[in-house]
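Here are the chains, one letter per residue:
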Number of protein chains: 2
Amino acid sequence: MAKWVYDFEEGSEQMRNLLGGKGAGLSEMTRIGLPVPPGFTITTEACKDYQKRGYISEEIKQETLEHLRKLEEKTAKKFGDPENPLLVSVRSGAPVSMPGMMDTILNLGLNDEAVEGLKKLTQNGRFAYDSYRRFIQMFGDVVMGVPHEEFEKILSYHKEKNGFKSDVELTEEVLKEVIADYKKLYREHTGKDFPQDPMEQLFLAIEAVFKSWNNPRAITYRMLNKIPDDLGTAVNIVMMVFGNMGNDSATGVAFTRNPSTGEKKLYGEYLVNAQGEDVVAGIRTPKQIDELKNEMPETYNELLRVANILEHHYRDMQDMEFTIERGKLYMLQTRSGKRTARAAVKIAVDMVKEGLITKEEAVLRVSTEQIDQLLHKMIDPKAEVKVIAKGLPASPGAASGKVVFDVKEAAQRGKIGEAVILVRPETTPEDLEGMAHSQGILTTRGGMTAHAAVVARGMGIPCIVGAESIKLDLENKTFVVNGVTVRENDIITIDGTTGNVILGEVPMVEPELSGEFEEFLKIADELRKLGVKANANTPEEARRARSYGAEGIGLCRTERMFLQPDRLPVMQDMIIAETPEERREHLSKLEPLQKKDFYEILKEMDGFPVIIRLLDPPLHEFLPQRERLEKEIEELRQTDFDSELLKKKERQLKRSKELSEFNPMIGFRGCRVGIIYPEIYEMQTQAIVDAAIQLKKEGFNPKPKIMLPLIGHVNEMRTLREKVEKIVKDKLNEAGMNLKIEIGTMVEVPRAALTADQIAQYADFFSYGTNDLTQTTFAYSRDDAEGTFLPYYLEHKILEKDPFMTIDRDGVGKLVRIGVVLGRHANPSLEIGVCGEHGGDPESIEFFHYAGLDYVSCSPFRVPIARLAAAQVSVKEKGKTVFVDK
Amino acid sequence: MAKWVYDFEEGSEQMRNLLGGKGAGLSEMTRIGLPVPPGFTITTEACKDYQKRGYISEEIKQETLEHLRKLEEKTAKKFGDPENPLLVSVRSGAPVSMPGMMDTILNLGLNDEAVEGLKKLTQNGRFAYDSYRRFIQMFGDVVMGVPHEEFEKILSYHKEKNGFKSDVELTEEVLKEVIADYKKLYREHTGKDFPQDPMEQLFLAIEAVFKSWNNPRAITYRMLNKIPDDLGTAVNIVMMVFGNMGNDSATGVAFTRNPSTGEKKLYGEYLVNAQGEDVVAGIRTPKQIDELKNEMPETYNELLRVANILEHHYRDMQDMEFTIERGKLYMLQTRSGKRTARAAVKIAVDMVKEGLITKEEAVLRVSTEQIDQLLHKMIDPKAEVKVIAKGLPASPGAASGKVVFDVKEAAQRGKIGEAVILVRPETTPEDLEGMAHSQGILTTRGGMTAHAAVVARGMGIPCIVGAESIKLDLENKTFVVNGVTVRENDIITIDGTTGNVILGEVPMVEPELSGEFEEFLKIADELRKLGVKANANTPEEARRARSYGAEGIGLCRTERMFLQPDRLPVMQDMIIAETPEERREHLSKLEPLQKKDFYEILKEMDGFPVIIRLLDPPLHEFLPQRERLEKEIEELRQTDFDSELLKKKERQLKRSKELSEFNPMIGFRGCRVGIIYPEIYEMQTQAIVDAAIQLKKEGFNPKPKIMLPLIGHVNEMRTLREKVEKIVKDKLNEAGMNLKIEIGTMVEVPRAALTADQIAQYADFFSYGTNDLTQTTFAYSRDDAEGTFLPYYLEHKILEKDPFMTIDRDGVGKLVRIGVVLGRHANPSLEIGVCGEHGGDPESIEFFHYAGLDYVSCSPFRVPIARLAAAQVSVKEKGKTVFVDK
């Protein structure tokens, strides 16, 4: 028979999938003797059972009742007892943390009689009735869907009527009036009286938690965070402890280290005489945890002790919720703490130094998304900026954009690529989509653990919270701060690392690797098997790539070099040339420029291999647009009907028509052009070899490799290799120089992978061009697919993932594997890498590791990500580490 | 040690590769006791040795001399002997027959002294000096390159001077003058005297034969006929026998059966008092072989006896060369006779009936190219035609085209697709290219074995020879016949089956299968494993397919149905519709028309499966051309700026722009459209099922199958299958009918083949769309490649074969095999076929057989070819037959 309910004493951290994160944490803390209020957990299996049935089974109800009775015994209180009532909180807890997504109900068990019991027990009528008031509000809102605002209206009405400024001033009498109005509101909305039977309250609340698993916010969150839909949530029933029993009571959250910087120091906030939701909601601005040391030194020390135990126990930074009831500390939750990327890196590196975790664990502690965040832009320190306000630095990085006050508008405009900064008083889980599509988030209320802060950190979006000096006027879509009025669509910049709000757009600088970041990536380098190179086409890109740790250039495109203004006209002359001699003449003008390009790039990458791809795109891409030419010719004809310019334009137009194609992506390009116009590759090869010879003479160590694009047949490879090799040898012989220049190919059409054994006989290396390989394997023209069917396919899960972002393992991946096996079989010394965009995608990198590639090559900005991803898959493959949920 | 030379007694038919076809035939005839003049063969290995060295090795020379000495002993004559000279012919003979390609020298051994010996020996001075004259001419032309015409000029001069009309009238005295002039000519051109040493003559002649292997004509012939370049030719040295020793001598060629009709009756031609080249050159019109019965009854009977022995020995129709010297028959060559397609079929079927060959042998005796010829057009028997001339029906089939007199012009204009009829006095091996690119060939001279006739039959080009009534005027580019003047570029029609030359273009009819043709294909059907279906889109095509023996339709495209004028506007309305409802409304108008289409096709194919492919092309293909729309809108705006028509055109233009693509071939088409606009496939499925239901009710046996195009991912297949299947089931349930309608897919993108195991779970059948699969596997846009790099690739052998004609086994073929293995593994009952153009290509059919496909589907016209090709590969696989060279 299934067991649906576990007392905290029965559970443990190992049962996370069954008990959810919160339940497992409470059980584990109970197990190791930390102060946790008694309670029990209804499992995720029960949730799944509910989802299937649509109601809570009798069996589960019975088992819940049994555990409730045990809880009554343990606490010596009774559910609904008018003398000594047992009050509980009902809290959701999924196996994977989903902050703000699921619902919590406190003070459950209160009714018109029990509230009197609570009053007697605590000798505090205000407290008892405030608890009842909170309970009705929370229950009405969360369980029955009575609008939150309506409760707030009633509360505000009574506060105003009595001249109260804060909730704390509410007296028992006023609270009773509030409760009466709340009940009326409840009845109006639900058609029923507020339930007085605690059992009814309990099961309605449990059901509400189960239901909330499938509310739209939860679904969106799971989608955004790639959390499976079938995990289910557990429900925790915990004896209430009260942070609002007076000034010797408090509630708060704390991190064992600073989640923003990673500093090893207890960090957090608390509110005296408050219940948990007061902190999370960000309505009252809480105190820093340091102050607790003065206010309640003993309890503070107890908290420190618990924090230390938990961090060593879990071997990770912990995010804890606690309540202090009349001086006594209760732990209500512990979990691995969310952290900024910067903190994640520092904590991982520090913990390795402290001997708390291994290097292998460390590289699994920082996600590649976090590394991505660290590579975000910062405001140029040299820039003069106009800071108009300051708030809490809730999520690092800087962002500029147009001010938008409406969440839906932010979502819409952000989706189509507009840079917007969302400005709100605070955020709620409903705002998720708008937040996700904003460049940055600015709120005027809330602390570092407010909803906006937590979510923005998770998404890696710069965020400032609690910028209280800003006066929002949502109706007129403006805000005023220090005399400055900012209107909708004005541009502002926020710096989530400093908390500065700046007027206008400001210059940004690209991030650098330094300090712990570099230390961390060096740990990753120690552990990875895959090499990491960069795709770089200019000396600047090469320099950046090197500074980011690239071990060479995996793809240096040469065509962009021809698009520069001093070269394009010559290139165009070459294309309209009618004889090889004429072509050669124009190419000879380009040769010294090409040589300079290669010289500079090879110099930047001195000592590292640089794979130079010979000309790839169709020639018509270099000619002026057809419409433009036609117009120009029309104009020229009217004035100067026999000029050289006119003739040239006419030849360009003629050639452009000749070269125009139905499907240029799979047309006359790549090595096909190189074979039919051999002069082009001749010139490029000469330029490469000449550049290398010059560098070598100057004492450098150039390592150029020549890559032939779009090879699909061994005869293409053989023919071109012979030609290129001859030029290389002749040049080197002439210079009396010994230099190995390898010749290889892009594998980017299916046939190349399928006949890799043949092609590998003439190739020193393969580089998978997975962008094109994906296009041809799927028969998807990327330019067309992304505007037509691909979004539909992704939305409707015809495709799980965008195959241009993450490699399609079943199809394209199979070709990659086939190519590796056949290629290495024919040529055991064949070096194999990838230079498509997938080379910078962690999930794809994992695949390339397992497929046995030698290296990945990606955008310079993604090199650090690739270094980490490669290390992570190596570590996972070794399987030697403890896996800790981040 | 290598043996370079074989006496005829030492060789046999089995040594064809070594001795060449002629040498092997002479050896074999010697071996089985037929009358062959003594001689020996220098092997093809010697030729290869020569090609490598550039000269004839001493070893080969020595061995040749030894065999020459044996020949002298055998014949009791001596080389160069002034009393009893040995004369020989030197004839080439490659392992594969290359008619007219290689060179022959007769009467070798004659010199100023030996000619006197010959005169004494034969008591015939005229004969002796004519032989010497011929020898000098042939040697000068073939070995030394002295222009043929210059010899002819000298001969004509002497004939005119003496008032002779034919060569036979030349007297000994005149011949001596001719010889003197010939020698002068020889000296002028070569700078040397005509060689008097027979040994020098011999080795120069042998070397000339070796050299001729690589003359341009030979290379072209081999290229056109796909004969490997490294076979080499043998050289046969044969004692001369003389057909020109008087009226009891003759020379001729004969076939054991009629090579044009296949009739079982000795067939051939001969010339009395002539040497072999007189027949082949077509200068004198020879007599029919039947006349020999009267002229030389005994020799005729001997020839009949020999023919009968040879046919039974070789178990194939033989093409024999013979010479009668003073009443005695000598066989100079035998080989399998070239024949028309019609003859090939009849001979194969007859020989099976005669018990001479097995069915397996029979299907290997007719080539698929010959079947292709039989499927050529004929002149409509009901057509009224104006026959202006009659010639010999040298190669069957009818053709119309513009008259062209110049061979080079014919080649040029034919290459670019113009239909030309080449009209010449006669043809020579130099004319090969022009002949190959003509629709038909007409010559005014020559017999059925003249060059034009032999070559045209081989190429399957309609040809008439010996149309002597036509008076050609090449200078003015006209011909006159029976008072009609035909000028260059006038259109004529030739009927190579009847010999009729017709003025103007005439209606043609498609060929039918009947008589022996049908019998032959039924034999093929008995032997083949592969099924043969047709690609047919209309009831007419379905009918033809069935009459050609198709066992169903493997691809019925539905898009062409929408292009008909009554449907296109509705289709266009559907495409510009903005809601599913609107689309459905327009589609509902198309549905009854679609139903009718399917009804008719299914009816034609009653009892056979019909695979209907749902809509495949991109939608913009159905909209009017962009330019046309823009123009129309411009015009409409000027007159009627608010009409419904204008609005519609504007919507069409807008939609056309929305739907336009960079690479439509790999864009928004196929099942991608079907998934995003499900209404289209819904309508088509309904129409299919409704048509089947109606037919079933009417007592027919419809077998529709539904094929989804461009599937690349299992989710596409699953989604669409579910939708289609539901409609099928609902419709059938509604009709209370039990009918199996299978659902399958085209495999035409690499990913489908690579993930065939996944897709096969939801597919009842696969049909390889190898046209698109070739495009995507190579990344070749066919439309672009054929105009840019593909011709170059084929010419320069980057690609051995056009992958769109013959399947690329290494690449595309590998995908096919992968798909078969994975697909069958996941779904053992999966039916697999191919419906690309390759389905009608014999070489590809061979591959599909070995790849384990169930059927091929091709154009109706290629169904008979596919039936034969499938049988041939089955027979070859069984390996139970004797392989006879055709």
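Residues numbered from 1 in each chain as written. Chains lettered and ligands numbered in written order. Predicted model: local features only at pLDDT ≥ 70, side-chain atom pairs only at ≥ 80, totals over all residues. Heavy atoms only, no water.

(A) Quick peek at the pattern of salt bridges. Tallied over the entire structure, the rule returns 158 salt bridges over all chains. Lys529 of chain B is the salt-bridge partner of Glu877 of chain B, the closest N and O atoms lying 2.8 Å from each other. One end of the pair, Glu877 of chain B, is in helix α36 (residues 863-878); the other, Lys529 of chain B, is in the loop between α19 (515-527) and β26 (531-535), with 348 residues separating them in the sequence. By relative accessible area, Glu877 of chain B is classed as partly exposed at 37%. Arg637 of chain B is paired through a salt bridge with Glu650 of chain B; the nearest N and O atoms lie 2.9 Å apart. With Arg637 of chain B in helix α24 (residues 626-639) and Glu650 of chain B in helix α25 (residues 644-659), this pair connects stretches of sequence that are 13 residues apart. By relative accessible area, which is 45% here, Arg637 of chain B ends up partly exposed. The network of salt bridges with common partners includes Lys402, Glu409, Arg413, Glu418, Lys477 and Glu488 of chain A. (Salt bridge = Lys/Arg side-chain N within 4 Å of Asp/Glu carboxyl O. Helix = DSSP H or I, 4+ residues; strand = E, 2+ residues; numbered from the N terminus. Buried < 20%, exposed > 50% of the residue type's maximum accessible area, 1.4 Å probe, protein only.)

(B) Expanded view of the packing of aromatic side chains. Here the structure, examined in full by the defined rule, presents 36 aromatic pairs over all chains. Each member of the aromatic cluster is reached from another via a ring pair, and the members are Phe668 and Tyr677 of chain A together with Phe778, Tyr780, Phe789 and Tyr793 of chain B. Taking NZ or CZ as reference, Arg222 of chain B lies 3.9 Å from the ring centre of Trp213 of chain B, over its face. Geometry around Tyr330 of chain B places Lys328 of chain B over its ring, the cationic atom sitting 4.8 Å from the centre. (Phe/Tyr/Trp six-rings, centres within 6.5 Å; stacked < 30°, edge-to-face > 60°. Lys NZ or Arg CZ within 6 Å of the ring centre and 35° of its normal.)

(C) Looking closely at the UniProt feature "active site" (unreviewed entry) in chain A. Residues and elements named next belong to chain A. Per the UniProt entry, the sites bearing "active site" (unreviewed entry) are His451 and Cys835 in this numbering. For the annotated residues, spread through 385 residues, the largest C-alpha to C-alpha distance comes to 39.7 Å, inconsistent with a single compact locus. Note on placement: His451 falls in helix α18 (residues 451-459). Position of Cys835 among the secondary structure elements: in the loop between β32 (831-834) and α35 (842-850). The class of Cys835 is buried, set by a relative accessible area of 4%. In contact with Cys835, other than residues within four places in its own chain, are Asn535, Gly554, Leu555, Met707, Met746, Ser767, Tyr768, Gly769 and Ser857. (UniProt positions renumbered as here; feature names shortened; annotations may be inferred. Contact = heavy atoms within 4.5 Å.)

(D) A look at the packing of helix α5 (residues 125-143) of chain A against helix α7 (residues 172-190) of chain A. Residues and elements named next belong to chain A. Interaxial distance between α5 and α7 falls to 9 Å at its minimum, and their mutual angle equals 20°. Relative to α7, the element α5 lies roughly parallel. The two elements α5 and α7 meet at a crossing, and its hand is left-handed. Residue-level contacts link Gly125, Arg126, Tyr129, Asp130, Tyr132, Arg133, Ile136, Gln137, Phe139 and Gly140 of α5 to Glu172, Leu175, Lys176, Val178, Ile179, Tyr182, Lys183 and Tyr186 of α7. Broken down by class, the residue content of the contact of α5 with α7 amounts to 9 nonpolar, 3 polar and 6 charged. (Axes fitted to C-alpha atoms, helices over the stretch in contact; angles between N-to-C directions. Parallel < 35°, antiparallel > 145°, perpendicular 65-115°, else oblique. Left-handed = near helix turned anticlockwise from the far one by under 90°. Nonpolar A, V, L, I, M, F, W, Y, C, P; charged D, E, K, R; others polar.)

(E) Spatial organisation of the interface of chain A and chain B. Of the residues lining the interface, 45 residues belong to chain A; the matching set on chain B comes to 45 residues. Interface area for chain A against chain B, summed over the two sides, is near 4,100 Å², with a carbon-plus-sulfur share of 60%. Counting across the interface, chain A meets chain B through 2 salt bridges. Among the ionic pairs, Asp808 of chain A bridges to Arg751 of chain B, the shortest N-O distance being 2.6 Å. Summed over the shared surface of chain A and chain B, the number is 28 residue pairs in polar contact (both at pLDDT 80 or more). Those elements that provide at least two residues to the side of chain A that touches chain B are α26 (671-676), α28 (714-735), α29 (750-754), α30 (756-759), α31 (770-778), α32 (782-785), α33 (790-795) and α34 (812-826) of chain A. Among the residues forming the side of chain A that touches chain B, the class breakdown is 22 nonpolar, 12 polar and 11 charged. (Buried area = accessible area lost by both parts, 1.4 Å probe. Polar contact = N/O pair within 3.5 Å; in protein donor to acceptor, adjacent residues only side chain to side chain.)

(F) How the structure looks around the environment of Val345 of chain B. All names here are of chain B. Residue placement: Val345 occurs in helix α13 (residues 341-353). In the structure, Val345 is positioned 18 residues away from Val363 in sequence and 9.0 Å away in space, judged by C-alpha atoms. Residues within four places of Val345 in sequence aside, it is in contact with Val366, Ile371, Leu374, Glu516, Phe517 and Phe520.

(G) Quick peek at α13 of chain B. All names here are of chain B. With 13 residues, α13 should cover 18 Å at 1.5 Å per step; its first-to-last C-alpha distance of 18 Å lies within 8% of that length. Burial analysis of α13 places 11 of its 13 residues in the buried class, which makes it a mostly covered element. Those residues of α13 that sit buried are Ala341, Ala343, Ala344, Val345, Lys346, Ile347, Ala348, Val349, Asp350, Met351 and Val352. Along its buried surface, α13 packs onto α12 (297-314), α14 (359-365), α15 (368-374) and α19. The first or second residue beyond α13 is Gly355, which carries a positive phi of 75°. (Expected span 1.5 Å × (residues − 1).)

(H) Region of interest: the side chain of Thr444 of chain B. Mapped onto the fold, Thr444 of chain B is located in the loop between β18 (440-443) and α18 (451-459). Apart from the residues within four sequence positions on either side, Thr444 of chain B is in contact with Arg424, Pro425, Gly466, Ala467, Glu468, Ile470 and Leu472 of chain B.

(I) Local environment of the nonpolar core. Judged by nonpolar contacts, the single largest core of 323 residues is most densely connected at Leu853 of chain A together with Leu853 of chain B. Not counting chain neighbours up to four residues away, the residues in contact with Leu853 of chain A comprise Leu530, Tyr768, Val816, Val820, Arg824, Ile832, Gly833, Val834 and Phe848 of chain A. (Core = buried A, V, L, I, M, F, W, Y, C linked by side-chain atoms within 4.5 Å.)

(J) Representation of the packing of helix α23 (residues 580-604) of chain B against helix α27 (residues 678-697) of chain B in the model. All names here are of chain B. As a packed pair, α23 and α27 sit with axes 7 Å apart at the nearest point and diverge in direction by 35°. Handedness of the α23/α27 crossing: right-handed. Residues that form the contact of α23 with α27 fall into these classes: 13 nonpolar, 4 polar and 8 charged.

(K) Representation of the relation of the copies chain A and chain B within the structure. In the superposition of chain A on chain B (RMSD 0.1 Å, axial shift 0.1 Å), the rotation amounts to 180°. Here the symmetry operator amounts to a two-fold rotation axis. When C-alpha positions in chain A are compared against the rotation axis, the closest is assigned to Asn663 of chain A, at 2.1 Å. When the interface residues of chain A are mapped onto chain B, 100% of them are again interface residues, pointing to one common binding face. (Least-squares fit on C-alpha atoms with pLDDT ≥ 70 in both.)

(L) Representation of helix α20 (residues 539-547) of chain B in the model. All names here are of chain B. Residues of α20 that are buried include every one of Pro539, Ala542 and Ala545, and no others. Looking down the long axis of α20, one finds its buried residues gathered within 120° of arc, a one-sided arrangement. The inward-facing, buried residues of α20 abut β26, β27 (553-557) and α23. Positive backbone phi, approximately 95°, marks Gly549, located one or two places after α20. (Arc of directions from axis to C-beta.)

(M) Inspection of the sheet that holds strand β23 (residues 491-495) of chain B at higher detail. Residues and elements named next belong to chain B. The sheet built from 8 strands is open, its strands ordered β14-β24-β23-β16-β17-β18-β19-β15 with mixed pairing. In this open sheet, the two strands that pair with only one neighbour each are β14 (387-390) and β15 (392-395). Strand-to-strand twist of the sheet, defined as the mean angle between neighbouring strand axes without regard to direction, takes the value 30°. Direction of pairing for strand β16 (residues 398-404) relative to strand β17 (residues 420-424): parallel, over a ladder of 3 bridges. Counted as the bridge partner of Val403 is Ile421 from β17. Contacts from helix α16 (residues 407-415) reach β16 and β17, with the element oriented near 170° to β17. (Pairing = 2+ DSSP bridges.)

(N) View of the pairing of strand β30 (residues 742-747) of chain B. Residues and elements named next belong to chain B. Most of β30 sits out of view: 6 of its 6 residues are buried. Of the strand pairs in this sheet, strand β29 (residues 703-708) and β30 are connected by 4 bridges, and their pairing is parallel. If you follow Met707 over to β30, its bridge partner there is Gly744. Handedness of the β29-helix α28 (residues 714-735)-β30 crossover: right-handed. Sheet topology places β30 next to strand β31 (residues 765-768); 3 bridges connect them, and they run parallel. Following the sheet pairing, Thr745 is matched in β31 by Phe766. (Right-handed = clockwise from strand over helix to strand, strands pointing away.)

(O) Local environment of the pairing of strand β32 (residues 831-834) of chain B. Residues and elements named next belong to chain B. When β31 meets β32, the two strands line up parallel, connected through 4 bridges. Residue pairing for β32: Ser767 is matched across the bridge by Gly833. Where β32 meets strand β33 (residues 855-858), 2 bridges bridge the pair, whose relative direction is parallel. Bridge pairing links Gly833 to Tyr855 in β33. Where the polypeptide runs from β32 across helix α35 (residues 842-850) and back to β33, its parallel neighbour, the crossover connection is right-handed.

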